[in-house]
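One letter stands for each residue in the lines below.
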Amino acid sequence: MPVLPGAEPYRHEGGEVGVLLCHGFTGSPQSLRPWAEYLAERGLTVSLPLLPGHGTRWEDLQVTGWQDWYAEVERELRGLQERCTEVFVFGLSMGGALALRLAAKHGDEVRGIVLVNPANKVHGLAAHALPLARHLVPTTPGISSDIALEGSEELAYDRVPLHAAYSLRRFFQRLDRELPQVTQPLLLLHSPQDHVVPPADSARILGRVSSTDVTETILEQSYHVATLDHDADRIFEESYAFIGRLAPSVGKEGTATGG
């Protein structure tokens, strides 16, 4: 299936510091494209892949699972490691969960992580119904475009395929056991008014990781897809400053540093 216009992956060859960005479940690189371009404009090497089953039609997502999504971001991480001296991993929603697993599994190869409204659990009765419901009902209504900013839209599926949702639930359960292995510096930005992922997910992540360098930022003006919302500029600026603090060469090689 052809990729939907706007859902294409994005890559930029820059300096020796790289950033891998991971998009969310049923979403696409479009939700993180402005963030990726902001970092690229400041001289960073950037990779924003399209996860398997995403960016085409929901039927394609139905036949994929968390192992496919994780394998894709792990490949991209290895590619950045070959070209860069330091690599950071950023993620939105499920992309935040993927970023956390990369950090847990790759240790010092990941210099730091930035999470925006990271997901840690499938909540409510739906979670318990998934093992059976996925064999009876193919999809439920979509979860896209939870954005406060008028006129801003997320390019994502309007249906949630339940086989994939079940796999996502199993991934969250596995990741929850791995969170104590996360030791890297962490910047976590989350919205108190998030209609997709509750603040409890961020609180649990902060309570389980072993990172000692932790910064928590509240995004008061945004909903779930905060990277396309009122607080987008704040996310971009704080994440770039986070990189600059941990990789001091950033911003000192003649690249633009304005916000």
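Residues numbered from 1 in each chain as written. Predicted model: local features only at pLDDT ≥ 70, side-chain atom pairs only at ≥ 80, totals over all residues. Heavy atoms only, no water.

Here's the deal with the confidence of the model for the protein chain
Here is the rule we go by: Note: pLDDT gives the predictor's confidence per residue, expressed from 0 to 100. In what follows, a contact means two residues having at least one pair of non-hydrogen atoms within 4.5 Å.
When pLDDT is averaged across the protein chain, the result is 93; 93% of the residues are at 70 or more. A low-confidence stretch, residues 253-259 stays under pLDDT 50, and its non-local contacts, those more than four residues away or across chains, total 14 contacts.

Structural notes on the sheet that holds strand β9 (residues 214-218)
Note the threshold: Strands pair, by our definition, only if DSSP identifies at least two bridges between them. For the purposes of this entry, the term helix denotes a DSSP run of H or I that reaches at least four residues, the term strand denotes a run of E that reaches at least two, and both are numbered from the N terminus. Every axis in this analysis is a line fitted to C-alpha atoms, fitted for helices over the stretch in contact. Angles between the N-to-C directions lie between 0 and 180 degrees.
Pairing is mixed in the open sheet, where 7 strands are placed in the order β1-β3-β2-β4-β5-β8-β9. Lying at the two open borders of the sheet, with one neighbouring strand each, are β1 (10-12) and β9. With strand direction ignored, the average angle separating the axes of adjacent strands in the sheet is 15°. Inspection of the sheet shows strand β5 (residues 112-116) paired to strand β8 (residues 186-190) by 4 bridges, in the parallel sense.

Regarding helix α6 (residues 162-178)
One full turn of an α-helix is made of 3.6 residues, so residues set three or four places apart face in the same direction. This is how the line gets drawn: A helix is expected to span 1.5 Å multiplied by its residue count minus one. Burial classes: relative accessible area under 20% of the type maximum marks a residue as buried, over 50% as exposed, and values in between as partly exposed (1.4 Å probe, protein chains only).
Over its 17 residues, α6 extends 24 Å from the first C-alpha to the last, a length consistent with the 24 Å expected when each residue adds 1.5 Å. Counting buried residues along α6, 12 of its 17 residues qualify, which places the element largely inside the surrounding structure.

Topic: the pattern of salt bridges
Operational definition: Any Lys or Arg side-chain nitrogen found within 4 Å of a carboxyl oxygen on Asp or Glu counts as a salt bridge.
Applying the stated criterion across every chain yields a total of 13 salt bridges. The closest approach of N and O atoms between Glu37 and Arg33, which form a salt bridge, is 2.8 Å. Taken as a pair, Glu37 and Arg33 lie in helix α1 (residues 33-41) at a separation of 4 residues, close to a single helical turn. Taking relative accessible area as the criterion, Arg33 reaches 28% and is therefore assigned partly exposed.

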